[in-house]
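# Analysis of the macromolecular model
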Amino acid sequence: MEEELKCAVCKQLFANPVLLPCYHSTCLNCAVQIQSPVHQQSLPATSNTNLNGHHSHVSTTNFHGHSHHIVITTATVHHNNNNGSTPLHQNLHHNQGHHNESNSVNSFRADSDKSSTTSSTSSQTSGGEDSSDKVSVLSETDSGVVICSNSSRPNSYVSSHNMHGLLFPPIQSTSFCLSCPVCHKTVYFDENGAHNLPKYRVMQNIVDRYIESRNLGTKCQMCERSPKLATVMCEQCEIFYCDKCQASCHPQRGPLAKHSLVNPTQGKVVLKEKAGPLDYFKCPDHSMESLNMYCMLCKVPVCIGCLQDMKHADHDVQPIQHMSKAQKTDLSHNLQQLSGKAKAESEFIQRLKTQTEKINESSLSLEKQVTAQVDAIIENLQRRKHELMEFIHKEKEYKLRSLKAEVSSHGQRLQNTTSLIQFCIEALKETDPLAFLQIGSLLLARVRNLETSWISDLDDSASATDGSTMQMSSGRNASYLLASMFNPELDLTLDDRGVTHAIRQLNFIQMKHGEERKPAAPGPVVIIPEECSAENNSVTIAWQPPPTSFVEGYVLELDDGAGGAFREVYCGKETICTVDGLHFNSLYNARVRSFNSTGEGGYSDTISLQTAEVAWFTFDPSLIAHGVRLLNENNTATTDSYEPRLILGSVGFARGVHYWEFSVDKYDASADPSFGIARIDAAKDEMLGKDDKGWGMYVDHQRSWFIHCGVHSCRTEGGIGTGSTVGILLDLDRRQISFYVNEEQQGPVAFTSLYGVFYPAVSLNCNVTVTLHTAMEHPVLTENGTLCRR
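Before going into details, it helps to say that this report is about the structure given with it. None of these values were measured; they are calculated from a predicted model.

## Here's the deal with the overall build of the protein
When its secondary structure is counted, the protein shows 14 helices and 41 strands. Within the protein, the fraction of its 790 residues that count as buried is 39%. Expressed as a percentage of contacts within the protein between residues at least 6 apart in sequence, the contacts between residues at least 24 apart total 61%. When the accessible surface of the protein is summed, it comes to about 44900 Å², and 52% of that surface belongs to carbon and sulfur atoms.

Shown next as structure tokens:
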């Protein structure tokens, strides 16, 4: 409860609390400190406006018997013609001259209450201020502007026609304003400032009982940090001081010398005596009458005199003690309900706290399990380490044996070579020429053969070592090659990338399946229809992961667009996929399922997506020959090359009926364009139809031919020129293609038995420019051979 008893400004227990019109509270001293003169404040959210609408009014009476005026605006805001630069207080001063005396207002109020008809008419004339304002007093949707003053009794403002003078009391240069520290609504006062606010007696009584129950002393209200215990209280200022603050803020000299300082205990008694019991509150308009009644409509205490003055004649008025008892009863009932909820919440918190032991046990169990698993991994690594060490030792022994064998082999050869050299040296010492010539040729042949054998063996060794053959020109090179044959380094490298990556990816799987810690099979995937779409001959499917499931990937399946079997078109971790290259004017069904290491989840609901009825496409920049220029957003093609250059469209067709046209923007009689279809791998530097992957109609300014595999056929009179149109009707339902020039069929059906995927194609050379036109419904051929648009 202590948080409810602390001031939002000083963060200490309330001392002499006052109640703001927004029903928030603060210490009187804090309110005085945070208030500021109106001329130093700009209007907040509605400061640059004229307020011409509904306003709510309520009159309250503080515990000293002073009435003050509160206005909470709920106006419709209209900007001034001067860009809304007029402050509120200027508007209020402008309206000062219209402020009427309270007597004339009371007279008007009395006249307006003579009959219900007159009262209703008055309310309608004033824009319904009476009914709407009384509701908005308790509303939280007002503009946040509140005005308090000691002007005439505010009850007379209700249903008043003189809105300019009575709605806003004149604000002088000595007026003050205060912003609520909780809701930031602004309150405007007269020269008395925050002292107009009523004392919050209930809060003060609760704070006093709270302090007494805990033996807490009264704190100083002037200490900025860590308030000390108060030692005195000024009866006039109603502020508690410690010795230090009293010496600095309230010295006993000058005008303050007449103030009476008492100890904090006496000060509390003085404050209670000033407030006085509720039964003895006097009406500010009828000083001899007590406020013993409560107006249910105005939400203010009233006296018998107020009822006789007709100010509250038509209002529901109840005895103040009865209303207090009724509100206490309602509050007690609500508190009982709230207490039941608080009790249930407390029990729930206790149950949550009991989970601590279970969490600790589960944590210890998991730690032991993870420790055992990691130890098992380390043991496997140690075992593998031992195996790798054994392999290295075997490799070392093999290399040593090989080296020993090579040393022995080369040593025997060296011994034989040395013996031959010594024998030859002794033979060179022979003085008999005839005897030397008898063996000279033999010795020369043996030496040459032995030298050749050395070089050959060294070359083979070099080739085996570095993959190349080198010519031995010196003993140094031979020594190098001999040394390179027996590199002391073991040509082994441990590939630990996979293991390192696996260790880095080692993580927990959140799902459990039975007692074994492994992921459970995922649940069904949910497709998001609003994010799925079909455009041209592609479809996009989006889905969301199954809740509370561990998913490693997804599989998207699509049928053939004709109600056939599903086939897998995507497998991965993404949750959105676009499938291109589908058939036009086809209804595709799609479904998704998820999977993990345990198994596969169920399929999602099937979603159906319709591709476009007619094909929209352009020339494909990646499927054109060198030297072709594309213009007009890849819809127009031209080239400066004298040789034909092939250009393909961006969409391939395998099913359905499709029609598109070419308009000839530029044409020279020497140009050789060819229009038709082609495979995606057709030759790009030849005329369309020269190879077996193109089917075209070659046309000049006089006649045309069909061309395929370089063979011309069906010569037909009639050519093209600038402004002509060439249409292609590809009917893959019948597996045939027809050509049209200026909307008339050019020859018979050109080609039949067309199977596979075909791309719109055209081949051009210099002096011809064509523009592609797509997204056209296929026309119907009439009896006279002309095209009829559907």
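## Details of the sheet that holds strand E13 (residues 261-262)
Sheet architecture is open: three strands sit in the order E12-E11-E13, paired in antiparallel fashion. Since the sheet does not close on itself, it has two edges, and those belong to strand E12 (239-241) and E13, each with one partner. Here strand E11 (residues 232-234) pairs with E13 via two bridges, running antiparallel. Counted as the bridge partner of Cys234 is Leu261 from E13.

## Description of the sheet that holds strand E38 (residues 759-764)
Picture the strands of a sheet paired through backbone hydrogen bonds; they go either parallel or antiparallel. Taken in spatial order, the seven strands make up an open sheet running E25-E28-E38-E30-E31-E32-E33, and their pairing is antiparallel. Of all strands in the sheet, those bounded by a partner on one side alone are strand E25 (619-624) and strand E33 (711-717). On average, each strand axis in the sheet is tilted by 25° relative to the strand beside it, whichever way the strands run. In terms of strand pairing, strand E30 (residues 674-678) meets strand E31 (residues 694-699) through five bridges, oriented antiparallel. In the strand pairing of E31, Ser674 is matched with Tyr698.

## Focus on the side chain of His658
Structurally, His658 can be placed in strand E29 (residues 657-667). A polar contact of 2.8 Å, which involves the side chain of His658, links it to the backbone oxygen of Arg655. Those residues in contact with His658 that sit more than four places away from it in its chain are Phe584, Phe653, Ile728, Leu729 and Leu730.

## Considering the side chain of Arg703
The topology assignment puts Arg703 in strand E32 (residues 703-708). When its relative accessible area of 17% is taken as the criterion, Arg703 is described as buried. A polar contact of 2.6 Å, which involves the side chain of Arg703, links it to the side chain of Gln702. In this structure Arg703 touches Tyr698, Arg715, Thr716, Glu717, Gly718 and Gly719, once residues within four positions along its chain are discounted.

## Let's talk about the pairing of strand E28 (residues 645-649)
Each regular strand displays side chains that alternate between the two surfaces of the sheet. Taking burial as the measure, the five residues of E28 include five buried ones, the bulk of the element. Of the two faces of E28, the one holding Arg645, Ile647 and Gly649 and the one holding Leu646 and Leu648 are both buried throughout. Alignment of E25 against E28, held across two bridges, turns out to be antiparallel. Its bridge partner being in E28, Ile624 is matched across the sheet by Ile647.

## Structural notes on a nonpolar patch on the surface
A cluster of nonpolar side chains, Ile377, Leu381, Val499, Ile503 and Leu506, forms an exposed patch at the surface whose accessible area comes to about 430 Å². Elements supplying a minimum of two residues to the nonpolar patch: helix H11 (320-428) and helix H14 (497-505). Among the secondary structure elements, Ile377 is positioned in helix H11. Residue Ile377 is classed as partly exposed on the basis of its relative accessible area, which comes to 37%.

## Concerning the packing of aromatic side chains
Using the criterion set out here, one finds 11 aromatic pairs in the structure. Judged by centre distance (5.4 Å) and plane angle (80°), the ring pair of Trp695 and Phe758 falls under edge-to-face. Here the residue Trp695 occupies a position in strand E31, and Phe758 occupies one in the loop between strand E37 (751-752) and E38, the gap between them amounting to 63 residues. The pair Trp695 / Phe758 is uniform in exposure class, with both members buried.

## Details of the pattern of salt bridges
Side chains that differ in sign of charge can pair as their charged atoms come close. Here the structure, examined in full by the defined rule, presents 15 salt bridges. Its salt-bridge partner being Arg384, residue Glu387 comes within 2.8 Å of it at the nearest N-O pair. You can see Glu387 and its partner Arg384 sitting in helix H11, three residues apart, about one turn around the helix. Note on Glu387: relative accessible area 38%, which makes it partly exposed. When its relative accessible area of 47% is taken as the criterion, Arg384 is described as partly exposed.

## Notes on the layout of surface pockets
Estimates place the volume of the second largest pocket at around 510 Å³. In this structure, the second largest pocket is lined by 32 residues; those nearest its centre are Cys10, Gln12, Leu13, Lys219 and Cys220. For the lining of the second largest pocket, the secondary structure elements donating two or more residues are helix H1 (28-34) and helix H7 (201-213). Looking at the lining of the second largest pocket, the element that brings in the most residues is H7, giving four residues. For the lining of the second largest pocket, the class distribution of residues is 15 nonpolar, nine polar and eight charged.

## A look at H7
Between its first and last C-alpha atoms H7 spans 18 Å; for 13 residues at 1.5 Å apiece the expected length is 18 Å, and the two agree. Of the residues trailing H7, Asn215 is marked for its positive phi of about 55°.

## Here's the deal with the state of the cysteines
Under the definition given, this model contains zero disulfides. Cysteine Cys295 is unpaired, with the sulfur of Cys298 as its nearest cysteine sulfur at 3.8 Å. Overall, the relative accessible area of 13% leaves Cys298 in the buried class.

Thresholds, definitions, all that
- Residues numbered from 1 in each chain as written.
- Predicted model: local features only at pLDDT ≥ 70, side-chain atom pairs only at ≥ 80, totals over all residues.
- Heavy atoms only, no water.
- Helix = DSSP H or I, 4+ residues; strand = E, 2+ residues; numbered from the N terminus.
- Buried < 20%, exposed > 50% of the residue type's maximum accessible area, 1.4 Å probe, protein only.
- Contact = heavy atoms within 4.5 Å.
- Areas by Shrake-Rupley, 256 points an atom, 1.4 Å probe, with all protein chains shown as cover.
- Pairing = 2+ DSSP bridges.
- Axes fitted to C-alpha atoms, helices over the stretch in contact; angles between N-to-C directions.
- Polar contact = N/O pair within 3.5 Å; in protein donor to acceptor, adjacent residues only side chain to side chain.
- Patch = residues over 30% accessible without salt bridge, like charges linked within 9 Å, V, L, I, M, F, W, Y side chains within 5 Å.
- Salt bridge = Lys/Arg side-chain N within 4 Å of Asp/Glu carboxyl O.
- Phe/Tyr/Trp six-rings, centres within 6.5 Å; stacked < 30°, edge-to-face > 60°.
- 1 Å grid on protein atoms, 1.4 Å probe; cavity = no way out; pocket = protein on both sides within 12 Å on 5 of 7 lines; lining within 4 Å.
- Points joined across faces, edges and corners; volume = space filled by probe spheres on them.
- Nonpolar A, V, L, I, M, F, W, Y, C, P; charged D, E, K, R; others polar.
- Expected span 1.5 Å × (residues − 1).
- Disulfide = S-S within 2.5 Å.

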